[in-house]
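The chain contents come next:
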Amino acid sequence: MAAPVQCSTDFVKYTYCEICRLNHNKRVNHEYSKHHKMMVNKILERFLEKVKDAMADVDKPRVEGAHWVENLVFWCYFCEREVERHLKLPEETVINAGLIKHFIEVEHRKKMNTFWWQHHLPKEQMPKYTILDEDFAKYGS
């Protein structure tokens, strides 16, 4: 007669990685994996493009007609939510004004710091992904 098979009630707890879009049981080690680092770098590249677009509009704001529509929202990886890209007024649309406004929000900066900390990114790189208050002051004038 065969011995009874014991089933283990222990199970491995999985964690979901928003960046890689997968469940893993590697805990902190996942953030050091080659795949995760590659995904974070892709996100940062895309985000840097948005920052550069916004900075160009800080220096020289663009205004289009009220019915102008292009890329209405963008996904902020740091805040993990969609944000209006442009500011639509009754008679005109200010290009990238929503993007710029979002980048200078305190909440966005807090979430950005958290993202940097969670993904073990070098703090020296952070300034190139932000819009400074001095730059925004030029935009408002």
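The following refers to the structure shown. Since the structure is predicted, the reported quantities are computational estimates derived from the model, not experimental observations. (Residues numbered from 1 in each chain as written. Predicted model: local features only at pLDDT ≥ 70, side-chain atom pairs only at ≥ 80, totals over all residues. Heavy atoms only, no water.)

## Quick word on the pattern of salt bridges
Side chains bearing opposite charge may pair, as long as their charged atoms lie close to each other.
Stage number 1. Within the structure shown, the criterion is met by three salt bridges.
Stage number 2. The closest approach of N and O atoms between Arg62 and Asp57, which form a salt bridge, is 2.8 Å.
Stage number 3. Look at Arg62 and you get partly exposed, because its relative accessible area is 43%.
Stage number 4. Relative accessible area serves as the criterion here: at 2%, Asp57 is assigned to the buried category.
Stage number 5. Between Glu105 and Arg81 there is a salt bridge, and its shortest N-O distance comes to 3.6 Å. Of this pair, Glu105 sits in the loop between helix H2 (97-104) and helix H3 (106-118) while Arg81 sits in strand S5 (residues 81-84); the two residues are 24 residues apart in sequence, bridging distant segments of the chain. (Salt bridge = Lys/Arg side-chain N within 4 Å of Asp/Glu carboxyl O. Buried < 20%, exposed > 50% of the residue type's maximum accessible area, 1.4 Å probe, protein only. Helix = DSSP H or I, 4+ residues; strand = E, 2+ residues; numbered from the N terminus.)

## Considerations on the packing of aromatic side chains
Stage number 1. On inspection of all chains with the given rule, the structure shows seven aromatic pairs.
Stage number 2. Ring centres of Phe74 and Phe103 lie 6.1 Å apart, and the angle between their planes is 75 degrees; on these two criteria the pair is classed as edge-to-face. Placement of the pair is Phe74 in strand S4 (residues 73-76) and Phe103 in helix H2, with a sequence separation of 29 residues.
Stage number 3. The structure contains a cluster of three or more aromatic residues connected by ring pairs, namely Phe47, Phe74, Phe78, Phe103, Phe115, Trp116 and Tyr129. (Phe/Tyr/Trp six-rings, centres within 6.5 Å; stacked < 30°, edge-to-face > 60°.)

## Here we look at the nonpolar core
If you look at soluble globular proteins, the nonpolar side chains tend to sit buried side by side.
Stage number 1. Formed by 29 residues in total, the largest nonpolar core has its most connected members in Leu44, Phe78, Phe103, Phe115 and Trp116.
Stage number 2. Of all elements in the fold, only helix H1 (34-59), S4, H2 and H3 reach the threshold of two or more residues within this core.
Stage number 3. No other element matches H1, which puts nine residues into this core.
Stage number 4. Setting aside residues up to four positions removed in sequence, Phe103 forms contacts with Phe47, Lys50, Val51, Ala54, Phe74, His108, Arg109 and Ile131. (Core = buried A, V, L, I, M, F, W, Y, C linked by side-chain atoms within 4.5 Å. Contact = heavy atoms within 4.5 Å.)

## Quick notes on unusual backbone geometry
Stage number 1. At Asn96, a position not held by glycine, the phi torsion is positive, near 60 degrees.
Stage number 2. Inspection of the secondary structure puts Asn96 in the loop between strand S7 (92-94) and H2.
Stage number 3. Positive phi, close to 55 degrees, is recorded for His120, a residue that is not glycine.

## Quick notes on the sheet that holds strand S6 (residues 87-88)
Stage number 1. Reading across the sheet, the three strands line up as S3-S7-S6 and stay open at both edges, with antiparallel pairing between neighbours. The strands lining the two open edges of the sheet, one partner per strand, are strand S3 (63-65) and S6.
Stage number 2. In the sheet, S6 pairs with S7 via two bridges, with the strands oriented antiparallel. By the bridge assignment, Leu87 is partnered in S7 with Val94. (Pairing = 2+ DSSP bridges.)

## Topic: the pairing of S5
Stage number 1. Here S4 pairs with S5 via four bridges, running antiparallel. Opposite Val73, over in S5, you have Glu84 as the bridge partner.
Stage number 2. Here S4 folds back onto S5 in antiparallel fashion, the turn holding four residues, of which Glu80 has a positive phi close to 55 degrees.

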